[in-house]
Amino acid sequence: MAFFTHQITRTLCSSAVRNAAIKHVTVIGGGLMGSGIAQVAAVTGHSVVLVDTSEDILKNSAKNIQGSLKRVVKKKFADKPEAGEEFVQKVMNNISTSTDAASVVQKTDLVVEAIVENLKVKQALFSTLDKVAPAHTIFVSNTSSLPIADIASSTARLDRFGGLHFFNPVPMMKLVEVIKAAGTSQQTFDALLDFTKALGKHPVSSHLIQHCFSLRTLQASLLSGFMNEVCHGSKEDIDVAMKLGAGYPMGPFELLDYVGLDTSKFIIDGWYEKEPENPLFAPSPLLNKLVAEGKLGKKTGEGFYKYK
């Protein structure tokens, strides 16, 4: 009887996912990634709640989003300043903030987690939210290094749990990896593909094979190569070459500074811990040195580059 009841409940929940469009989005984490995701969702007409642990963090997040929108206005509304101001106001009206995630998710269609790359912290968050979120609500993690199935194991909605891996800077980068774990239902996967397209992004399917993301090895290989090259050449030349020759919106060292060198080190260390025999995931002495010196990128005023 218990098995039968579970199957009926799962079928009803999957049906709800299939029939409900994602309109209300809760983003957990007000850092660069979370703020960027909130921005693109709000720009495309979604109702967004951005959640973090303090009002100060959220005020800074809102400030960053407004700054990003104003840069968009300078390009798209150069000859129409009033239309530009209206655009910014309309987008910001689609975003609200909260420090109470459990309260917010009670009326949301999608929860996007973009917090620290720590499995236990993510599991604790989702375990709490799983108890109060509606049955139709889809959970996703933006993790770039942790297995989605491991994060989802803390919940009772494995079929309504997937991954959306955005790339920094989110408003500029079109690619999003849509990750289908072993327990993710096809209805959930399709809903995430549709949502990604609604954001104006280009989704690529990443069915997890041995819990790996399709781009993770590529990223690690490029990062390792860039770190080695900068020891023999100029980071400025590498950044310019990748922007002009490969179409990167930001050079690799500019991007690392933007994301935060401590965050990058944390991710690389996580990869290395899982696969210490893989040379692509070997720690970078140069990156470790900068982090040890407190040179974490733009947020501290110095990383690979110096900032005023």
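So, a few notes on the structure that sits alongside this text. (Residues numbered from 1 in each chain as written. Predicted model: local features only at pLDDT ≥ 70, side-chain atom pairs only at ≥ 80, totals over all residues. Heavy atoms only, no water.)

### Considerations on the overall build of the protein
Then comes step 1: When helices and strands are counted, the protein shows 13 helices and eight strands.
Then comes step 2: Of all 308 residues assigned to the protein, the portion counted as buried reaches 45%.
Then comes step 3: In the protein, 65% of the contacts between residues at least 6 apart in sequence involve partners at least 24 apart.
Then comes step 4: Accessible area of the protein: about 15,600 Å², with a carbon and sulfur share of 57%. (Helix = DSSP H or I, 4+ residues; strand = E, 2+ residues; numbered from the N terminus. Buried < 20%, exposed > 50% of the residue type's maximum accessible area, 1.4 Å probe, protein only. Contact = heavy atoms within 4.5 Å. Areas by Shrake-Rupley, 256 points an atom, 1.4 Å probe, with all protein chains shown as cover.)

### Describing the side chain of Glu113
Then comes step 1: Within the fold, Glu113 resides in strand 4 (residues 110–113).
Then comes step 2: In terms of polar contacts, Glu113 uses its side chain to reach the backbone amide nitrogen of Ile115, at 2.9 Å.
Then comes step 3: Leaving out residues up to four positions away in the same chain, Glu113 has contacts with Ile28, Lys122, Leu125, Phe126, Val140, Ser141 and Asn142. (Polar contact = N/O pair within 3.5 Å; in protein donor to acceptor, adjacent residues only side chain to side chain.)

### Points about the environment of Leu50
Then comes step 1: By secondary structure assignment, the location of Leu50 is in strand 2 (residues 47–51).
Then comes step 2: Note: C-alpha distance between Leu50 and Ala62 (12 residues apart in sequence) is 9.1 Å.
Then comes step 3: Among residues more than four places away in sequence, those in contact with Leu50 are Val27, Gly29, Gly30, Gly34, Ser35, Ala38, Leu58, Ser61, Ile65, Ser96, Thr97 and Ser98.

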